[in-house]
Amino acid sequence: ERARDILETVKERDETRLGVEAMELLDAYGIETPTGDIVDDPADALDVAERIDGDVVMKIVSPDILHKSDIGGVKVGVENEEVYDAYEDLITRAKNYQPDANILGVQVQEMVNLDDGVETIVGMNRDPQFGPLMMFGLGGIFVEILEDTTFRVAPVSEAEAEDMTKEIDAAPMLRGARGNDPVDIGGITETIQRLSQLVTDFPAILELDINPLVALPDGVKAVDVRLTVD
Ligand code: ADP
Ligand code: MG
């Protein structure tokens with residue numbers, strides 16, 4: 001119901017790319033996201049940062065900027081004292097990149113501990129022949145280069161989702177390689193299934209990517225999401 005409202009709002013605004021609402025959509029389907037908010041001035045950014053325990057991550061939010069890190073639009077490990085400058089810097093970088101970019105603001109997020117986790121990707125693309133194709137793989141900013149992914153047609157069963165986590169080349173990384181703790185495989189399979197349900201419920205979602213879905217020993221977190229609606 002909440003998901004329907006979110007998608008309606010976006011449709012009325014005639015936007016095809018969800019920005020701010022994407023995280024809420026995941027939330028509505030029980031997929032955990034980092035605490036945080038999207039703000040449009042530096043004082044509010046500091047408010048959010050102060051409510052979060054520890055350093056934060058700050059990111060530019062613009063429907064015109066798809067790969068934020070490519071333009072220096074993601075700052076990891078920002079201390080409270082640095083929030084103001086970081087805010088201005090992110091806006092400046094976005095404007096330098098594209099002067100007429102529609103900048104919605106800056107996202108301030110809880111920092112997820114990547115040392116204990118593995119960056120994965122969970123996505124969906126609509127294939128003209130097969131319909132909604134769910135994708136799982138090794139995530140992060142090098143996905144395109146590594147191309148370690150596997151696919152299933154949605155809706156995906158629990159067994160299928162679990163198979164997906166076993167099929168990628170990086171599967172041993174999820175199950176505790178080099179003395180690392182194994183990550184929460186159940187959390188990954190549940191996320192694949194929940195996302196598969198979301199795109200089955202809403203054919204208007206044309207494509208969707210959670211990248212990264214950070215898989216930790218005790219859970220998973222959807223740190224970045226991008227989707228296109230028709
Ligand atoms: P984009 O994919 O647009 O470049 P992301 O939000 O995915 O932007 O951020 C890029 C990278 O920054 C992620 O792959 C991850 O390594 C790191 N990162 C982003 N958000 C967080 C976070 N909340 N905690 C820890 N690392 C993060
Ligand atoms: Mg990303």
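Since the model is a prediction, treat every value here as computed from it, not as a measurement.

In this section: the overall build of the protein. Helices and strands together make up the secondary structure of the protein, namely 8 helices and 11 strands. By the compact-globule yardstick of 17 Å for 230 residues, the protein fits well, its C-alpha radius of gyration being 18 Å. Each principal axis of the C-alpha distribution contributes one length, and for the protein these read about 45 × 45 × 35 Å. The contacts of the protein with a sequence gap of at least 6 include a subset with a gap of at least 24, amounting to 61%.

In this section: the coordination of the magnesium ion (ligand 2). N211 (O) and D224 (OD) make up the full set of protein donors to the magnesium ion (ligand 2), lying at 2.2 Å. With N211 in strand β9 (residues 205-216) and D224 in the loop between β10 (219-222) and β11 (225-229), the pair connects residues that are 13 residues apart, well separated along the chain. Judged by its relative accessible area of 13%, N211 is buried. The class for D224 is buried, based on a relative accessible area of 14%.

On the basis of which strands lie adjacent, the open sheet formed by 4 strands has the order β2-β5-β3-β4 and antiparallel pairing. Lying at the two open borders of the sheet, with one neighbouring strand each, are β2 (36-39) and β4 (74-78). Ignoring strand direction, the axes of neighbouring strands in this sheet form an average angle of 20°. In this fold helix α3 (residues 42-51) packs onto β2, β3 (56-61) and β5 (105-110), with an angle of close to 180° to the strand it touches most, β2. Across the sheet, helix α4 (residues 83-97) is in contact with β2, β3, β4 and β5; its angle to β3 comes to roughly 30°.

Bringing the domain arrangement of the protein into the picture now. Taken domain by domain, the protein comprises domain 1 (35-110) and domain 2 (114-229). Between the C-alpha centres of domain 1 and domain 2 there is a distance of 26 Å. Contact residues are listed per partner, giving 7 residues for domain 1 and 6 residues for domain 2. A buried area of about 490 Å², summed over both sides, lies between domain 1 and domain 2, and 32% of it is on carbon and sulfur atoms. For the interface between domain 1 and domain 2, the tally reads 2 salt bridges. A salt bridge links K68 to D224; its shortest N-O distance comes to 2.9 Å. The interface formed by domain 1 and domain 2 includes 5 residue pairs in polar contact (both at pLDDT 80 or more). Here the residues of the side of domain 1 that touches domain 2 are counted per class, giving 1 nonpolar, 3 polar and 3 charged.

Following the sequence through the fold, K59 ends up in strand β3. Among buried charged residues, K59 stands out as having no salt bridge; its nearest opposite-charge side chain is D224, 4.9 Å away. In this view, K59 contacts K68, G73, V74, L90, G105, V106, Q107, Q109, V223 and D224; residues no more than four positions away in its chain are not counted.

Moving on, we get to the nonpolar core. Counting 42 residues, the largest nonpolar core has M134, L195, I205 and I210 as the members making the most contacts within it. Of all the elements, helix α8 (residues 185-201) adds the most residues to this core, at 6 residues. Non-local contacts of I205, meaning those with residues more than four positions away in its chain, are made with L7, L25, M124, R126, L198, V199, L227, T228 and V229. Counting 20 residues, the second-largest nonpolar core is a separate cluster that includes V39, A45, L46 and I71.

This part takes up the site of ligand 1. By nearness alone, 19 residues border ligand 1, and K59, K68, S69, V112 and E119 come closest of all. N211 is positioned such that a nitrogen or oxygen atom in its backbone is 3.2 Å from an oxygen atom of ligand 1. Here ligand 1, which alone exposes 540 Å², has 93% of that area covered by the protein. Breaking the shell around ligand 1 down by element, the ones donating at least two residues are β3, β5 and β9. Looking at the shell around ligand 1 residue by residue, the class counts come to 9 nonpolar, 5 polar and 5 charged. When residues of the shell around ligand 1 are sorted by domain, at least three fall in each of domain 1 (35-110) and domain 2 (114-229).

Reading the values: rules and limits
- Residues numbered from 1 in each chain as written.
- Chains lettered and ligands numbered in written order.
- Predicted model: local features only at pLDDT ≥ 70, side-chain atom pairs only at ≥ 80, totals over all residues.
- Heavy atoms only, no water.
- Helix = DSSP H or I, 4+ residues; strand = E, 2+ residues; numbered from the N terminus.
- Rg over C-alpha atoms; globule rule 2.2 N^0.38 Å.
- Contact = heavy atoms within 4.5 Å.
- Donors = N, O, S within 2.8 Å, 3.2 Å for Na, K, Ca; no water.
- Buried < 20%, exposed > 50% of the residue type's maximum accessible area, 1.4 Å probe, protein only.
- Pairing = 2+ DSSP bridges.
- Axes fitted to C-alpha atoms, helices over the stretch in contact; angles between N-to-C directions.
- Domains from an automatic or database assignment.
- Buried area = accessible area lost by both parts, 1.4 Å probe.
- Salt bridge = Lys/Arg side-chain N within 4 Å of Asp/Glu carboxyl O.
- Polar contact = N/O pair within 3.5 Å; in protein donor to acceptor, adjacent residues only side chain to side chain.
- Nonpolar A, V, L, I, M, F, W, Y, C, P; charged D, E, K, R; others polar.
- Lys, Arg positive; Asp, Glu negative; His and termini not counted.
- Core = buried A, V, L, I, M, F, W, Y, C linked by side-chain atoms within 4.5 Å.
- Near = heavy atom within 4 Å.
- Areas by Shrake-Rupley, 256 points an atom, 1.4 Å probe, with all protein chains shown as cover.

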